[in-house]
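Here is how the chains run, residue by residue.
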Amino acid sequence: MTAALELRNVTKEYPGQPPVKALDDVSVRIEHGELVAVVGPSGSGKSTLLNVMGTLDRPTEGMVAIDGTDTAKLSDGAVAGVRSRNIGFVFQQFFLLPGMSAVDNVANGLIYQGVGMAERQARAADALERVGLGHRLGHEPNQLSGGERQRVAVARALVHKPAFVLADEPTGNLDSRSTAAVMQLIADLHAEGTTIVVITHDTEIAEALPRRVAVLDGRIQADSGTPFETVAGAATHPGTGGDGSRPDLEAV
Amino acid sequence: MAAATIDPSPDGMAAAPPRSRLRPIDVLRVGASGPRARRMRTALSALGVSIGIAALVGVLGLSESSRSALLDEIASLGTNLLTVEAGGGFGAGDSELPDTAVATIGRIDTVTDVSAVWQVDVDVYRNEFIPEGQTGSVQVVAADTELVDTLNGELAEGRYLDDATAAYPNAVLGSVAAERLGIHGLDEPTYVLIDDEQVEVIGILEEFPLAADLDRAVIIGTEAAQSHFDAGDAPAVVYTRVTDGAVDTTRDLLPTTADPENPEEVTVSRPSEALEAQAAADDALTTLFLGLGAVALLVGTIGIANVMVIAVIERRGEIGLRRALGATQAHIRRQFLTEAVILSALGGVAGVVIGVVATFVYATSQGWRVVIPAEAAFGGLVAAIVIGAVAGLYPAMRAAKLAPTEALRA
């Protein structure tokens, strides 16, 4: 079975004097159905990792495979196609478009797949139902609370049934009550089978999730491992993460 | 298992995954979403273009309407009027028409009406208190009783000379002459001072578009002119109405008929030609307003470009989000280009409506037929769309070039 997301020997260097290595030989494999926290302090390279995982930025070296598709050699348009079908994004700042109803905001998650208007609206309404906002379809962002806005954003990330959802500090702009509600929603979605990667600096939030990948100085410092492999194996090989059972691949 | 599907070697390229796509109808929807969410700003940024387009459509509509009014007027005045004057040729200064010119011209078969005016070398004043020389360029002429009929003229007040009133000092004023003499009505007996003689004003004429000289004249009867003011016998101008199909042949015939001895010193003109030329010419004011409209359009274009540049800076988050949702650079470029075109097209539609309404109101108030050239209305819309595309090009390119990671950085 293909992984939802696989990074192999990914390095990201920003040009400069001297060049800054934001990611240094990172390999990680996330299976379908996982709920993973990528945790690390600011400056650890986790934002770069998010951008590379979401194909918003290309690695200097290494391979990024989204649901079995290697994105390294794809054109900008083709990578955009991969994003439109396989990745759902949730951002700290919500990024809901003002003056547009919740259902239209969610429907935007389908617009770049060429899905027709009526189907977009119907699927968006379903997704909002799923995050518990079935009664808020026509509300505009400024009529919603912070927690509700983030739930709309989660619905938008889910509406096209992506291979995985990337949530970047999803509770960073929320009070503690809304934080709890959004994390509960993420847990519920995970229980229903959705693959979710939560990027956070908050160790408390990370602790509550089944798998934790700790990032520091552009390297994976610790990976609590997938449920399918031994935690000890990953821990003794920091920086490789993923699949210790296939050393031949790691040599590539 | 995973190695079979995830092959990092360049040879193992699977078929490229489907690219993201944005339906054309959705390009429009996405392009309209920005202007819809910010209505006040949309209205203000469309305003500049709408003023420019309104100016262009209004000016073209008004000049066409007034031109058609002028052409209507020419048609109603008749284009078969020919005037015969002395002058032309070398040393023409002192030449005059023979005394018999009116009679000989009247004998041409194709001449249906003939009338004439004679110069009278006396001054006219409102009253005896006006200093000598302040005539306001008002001249005294003698005319026969046919003049108003021949010129299709109209009286504003009173009546024209007839056989009875022409024999004694009675005056009919041209429209400009009446104004300059300060006479606005004939409700009570009114007199002017001609050569120190009180002469009663019996009528005031409307304008003569085909003989503007007469607007500045005080007209008296020929008999009275000769008996009271020593007028000569040689007519100054002979006005003739000619059978419609025979204007050109009659025109060739007139000089020799009027003055068989010196036909080269006779000038024949067709006043309607001058009016037609005037109707055909763009007057300076129209050009000025067209220029102002063009400047307003330029300012409107810059305004839209400006608003779009600001929108791109302000909406980096939206651009980043759309890239994350799968938009390509081309999709972003199309969105902002469409947005700019929508802004200026809104301005164009509003401008055309304003221009048409302004033309309608003004032309109606002037009693003109309302003429709105289709190319002005249609051209205004096309111009607006082109302006939007030009104004939106640079901001749209900038939006498309923005890296998603940079756009998403708050």
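Since we're looking at a predicted model, the values are computed, not measured.

Re the overall build of chain A
For step 1, the next point in the chain: In terms of regular secondary structure, chain A is built from 9 helices and 10 strands.
For step 2, the next point in the chain: Taking all 252 residues of chain A together, 52% fall into the buried category.
For step 3, the next point in the chain: Sequence-distant contacts, at least 24 apart, represent 67% of the contacts inside chain A between residues at least 6 apart.

Details of the overall build of chain B
For step 1, the next point in the chain: In terms of helices and strands, chain B carries 15 helices and 11 strands.
For step 2, the next point in the chain: Relative to the 2.2 N^0.38 estimate, which gives 22 Å for 410 residues, the radius of gyration of chain B is 36 Å and therefore markedly larger than a compact globule would have.
For step 3, the next point in the chain: Among the 410 residues that make up chain B, the fraction classed as buried is 43%.
For step 4, the next point in the chain: Counting only contacts in chain B whose residues sit at least 6 apart along the sequence, the fraction spanning at least 24 positions is 86%.

Some words on the interface of chain A and chain B
For step 1, the next point in the chain: Between chain A and chain B, the residue contacts involve 39 residues of the former and 35 residues of the latter.
For step 2, the next point in the chain: Elements represented by at least two residues in the side of chain A that touches chain B include exactly strand S4 (61-66), strand S5 (69-70), helix H2 (76-86) and helix H3 (102-111) of chain A.
For step 3, the next point in the chain: In terms of residues, the side of chain A that touches chain B owes the most to one element, H2(A), which gives 8 residues.
For step 4, the next point in the chain: When the residues that make up the side of chain A that touches chain B are grouped by side-chain class, the tally is 19 nonpolar, 14 polar and 6 charged.

Some words on the confidence of the model for chain B
Residue and element names in this part refer to chain B.
For step 1, the next point in the chain: Per-chain confidence: chain B averages 87 in pLDDT, with 94% of residues scoring 70 or above.
For step 2, the next point in the chain: Across residues 1-13, where pLDDT falls below 50, the model places 16 contacts with residues more than four positions away in sequence or in other chains.
For step 3, the next point in the chain: Scored as a whole, the predicted complex attains pTM 0.73, and scored at its interfaces, ipTM 0.87.

Considering the sheet that holds strand S9 (residues 211-216) of chain A
Residues and elements named next belong to chain A.
For step 1, the next point in the chain: Spatially, 6 strands are ordered S6-S7-S8-S3-S9-S10 in an open sheet, and the strand pairing comes out mixed. Both outer strands of the open sheet, strand S6 (87-90) and strand S10 (219-223), are each paired with one neighbouring strand and no more. The mean inter-strand angle of the sheet, taken between neighbouring strand axes irrespective of direction, is 20 degrees.
For step 2, the next point in the chain: With 4 bridges joining them, S6 and strand S7 (residues 164-168) adopt parallel strand pairing. The residue of S7 that forms the bridge with Val90 is Ala167.

Things to note about unusual backbone geometry
All names here are of chain A.
For step 1, the next point in the chain: At the junction of Gln17 and Pro18, the peptide bond is cis and its omega measures out at -10 degrees in the coordinates.
For step 2, the next point in the chain: Looking at the secondary structure, you find Pro18 in the loop between strand S1 (5-14) and strand S2 (20-30).
For step 3, the next point in the chain: Phi is positive for Phe95, which is not a glycine, with a value near 55 degrees.
For step 4, the next point in the chain: With respect to the secondary-structure elements, Phe95 resides in the loop between S6 and H3.
For step 5, the next point in the chain: We classify Phe95 as buried; it has 24 C-beta atoms within 10 Å.

Examining the nonpolar core
For step 1, the next point in the chain: Core analysis: the largest hydrophobic core is formed by 122 residues, its most contacted members being A:Val106, A:Leu128, A:Ala155, A:Phe164 and A:Val197.
For step 2, the next point in the chain: Those residues in contact with A:Val197 that lie beyond four places of it in its chain are A:Ile30, A:Val36, A:Val38, A:Met53, A:Phe164, A:Leu166 and A:Ala167.
For step 3, the next point in the chain: B:Val140, B:Ala143, B:Val172 and B:Leu214 belong to the second-largest nonpolar core, a separate cluster that totals 59 residues.

Some words on the sheet that holds S2(A)
All names here are of chain A.
For step 1, the next point in the chain: Sheet architecture is open: 4 strands sit in the order S2-S1-S4-S5, paired in antiparallel fashion. Taken across any chain shown, the strands that pair with only one partner, and hence form the sheet edges, are S2 and S5.
For step 2, the next point in the chain: Two strands pair when backbone bridges link them, and S4 and S5 are joined in this way by 2 bridges, in the antiparallel orientation. By the bridge assignment, Ile66 is partnered in S5 with Thr69.
For step 3, the next point in the chain: The strands touched by helix H1 (residues 46-53) are S1, S2 and S4; relative to S1, the strand with the most contacts, the crossing angle is about 125 degrees.

Here's the deal with helix H13 (residues 329-365) of chain B
For step 1, the next point in the chain: Taking 1.5 Å as the rise per residue, H13(B) with 37 residues should run 54 Å; its terminal C-alpha atoms sit 54 Å apart, in good agreement.
For step 2, the next point in the chain: One or two steps after H13(B), the chain reaches B:Gly367, where phi turns positive at roughly 75 degrees.

Considering the environment of B:Ala217
For step 1, the next point in the chain: If you trace the backbone, B:Ala217 turns up in strand S9 (residues 217-221).
For step 2, the next point in the chain: The sequence separation of B:Ala217 and B:Val140 amounts to 77 residues, and the corresponding C-alpha distance is 5.6 Å.

Comments concerning the pairing of strand S8 (residues 196-200) of chain A
Looking along a regular strand, one sees the side chains alternate between the two faces of the sheet.
All names here are of chain A.
For step 1, the next point in the chain: Among the 5 residues that make up S8, 5 are buried, leaving the element largely enclosed by the rest of the structure.
For step 2, the next point in the chain: In S8, alternate side chains face the same way, and those of Ile196, Val198 and Thr200 on one face and Val197 and Ile199 on the other are all buried.
For step 3, the next point in the chain: As defined by bridge partners, strand S3 (residues 35-39) adjoins S8 across 5 bridges and the pair is classed as parallel. Within S8, the residue paired with Val39 across the bridge is Thr200.
For step 4, the next point in the chain: Sheet topology places S7 next to S8; 4 bridges connect them, and they run parallel. Considered in S8, the bridge of Ala167 is made with Val198.
For step 5, the next point in the chain: Read as a crossover between parallel neighbours, the route from S7 over helix H6 (residues 176-191) to S8 is right-handed.

Brief notes about the packing of H13(B) against helix H14 (residues 374-401) of chain B
All names here are of chain B.
For step 1, the next point in the chain: Where H13 contacts H14, the axes come no closer than 7 Å and their chain directions differ by 150 degrees. If you check the angle between H13 and H14, you find them roughly antiparallel. In this structure, H13 crosses over H14, and the sense of that crossing is right-handed.
For step 2, the next point in the chain: Along the lines of polarity and charge, the residues of the contact of H13 with H14 split into 24 nonpolar, 9 polar and 2 charged.

Things to note about the pairing of S10(A)
Residue and element names in this part refer to chain A.
For step 1, the next point in the chain: Bridge count for S9 against S10 is 4 bridges, and the pairing is antiparallel. Looking across to S10, one finds that Val215 is bridged to Ile220.
For step 2, the next point in the chain: Between S9 and the antiparallel strand that follows it, S10, lie 2 residues; Asp217 among them carries a positive phi value of about 50 degrees.

Structural notes on helix H12 (residues 316-324) of chain B
Spacing of three or four residues puts side chains on the same side of an α-helix, whose turn is 3.6 residues.
For step 1, the next point in the chain: Counted residue by residue, H12(B) has 7 buried out of 9 residues, so it is predominantly covered.
For step 2, the next point in the chain: Restricting attention to buried positions, one finds in H12(B) the residues B:Glu318, B:Ile319, B:Gly320, B:Leu321, B:Arg322, B:Arg323 and B:Ala324.
For step 3, the next point in the chain: Contacts made by the buried residues of H12(B) are with H2 and S6 of chain A together with H13, H14 and helix H15 (404-408) of chain B.

Things to note about the confidence of the model for chain A
For step 1, the next point in the chain: With 89% of its residues at a pLDDT of 70 or more, chain A shows a mean pLDDT of 87.
For step 2, the next point in the chain: The secondary-structure element of chain A with the lowest mean pLDDT is helix H9 (residues 247-250) of chain A, recorded at 38, while H3(A) shows the highest, at 96.

What about the packing of helix H3 (residues 39-77) of chain B against H14(B)?
A pair of packed helices is captured by two measures, namely the crossing angle of their axes and the spacing between those axes.
Residues and elements named next belong to chain B.
For step 1, the next point in the chain: At a minimum axis distance of 9 Å, the contact between H3 and H14 shows a crossing angle of 155 degrees. Overall, the two elements H3 and H14 adopt an arrangement that is roughly antiparallel. Along this stretch, H3 crosses H14, giving a crossing that reads as right-handed. Each of Val49, Ile53, Leu56, Val57, Leu60 and Gly61 in H3 lies in contact with H14, whose residues at this interface are Ala376, Ala377, Gly380, Ala383, Ala384 and Ile387.
For step 2, the next point in the chain: When the residues that make up the contact of H3 with H14 are grouped by side-chain class, the tally is 10 nonpolar, 2 polar and no charged.

About the thresholds
- Residues numbered from 1 in each chain as written.
- Chains lettered and ligands numbered in written order.
- Predicted model: local features only at pLDDT ≥ 70, side-chain atom pairs only at ≥ 80, totals over all residues.
- Helix = DSSP H or I, 4+ residues; strand = E, 2+ residues; numbered from the N terminus.
- Buried ≥ 20, exposed ≤ 12 C-beta atoms within 10 Å, placed from the backbone.
- Contact = placed C-beta atoms within 7 Å.
- Rg over C-alpha atoms; globule rule 2.2 N^0.38 Å.
- Nonpolar A, V, L, I, M, F, W, Y, C, P; charged D, E, K, R; others polar.
- pLDDT = per-residue confidence, 0-100.
- Pairing = 2+ DSSP bridges.
- Axes fitted to C-alpha atoms, helices over the stretch in contact; angles between N-to-C directions.
- Core = buried A, V, L, I, M, F, W, Y, C linked by C-beta atoms within 7 Å.
- Expected span 1.5 Å × (residues − 1).
- Right-handed = clockwise from strand over helix to strand, strands pointing away.
- Parallel < 35°, antiparallel > 145°, perpendicular 65-115°, else oblique.
- Left-handed = near helix turned anticlockwise from the far one by under 90°.

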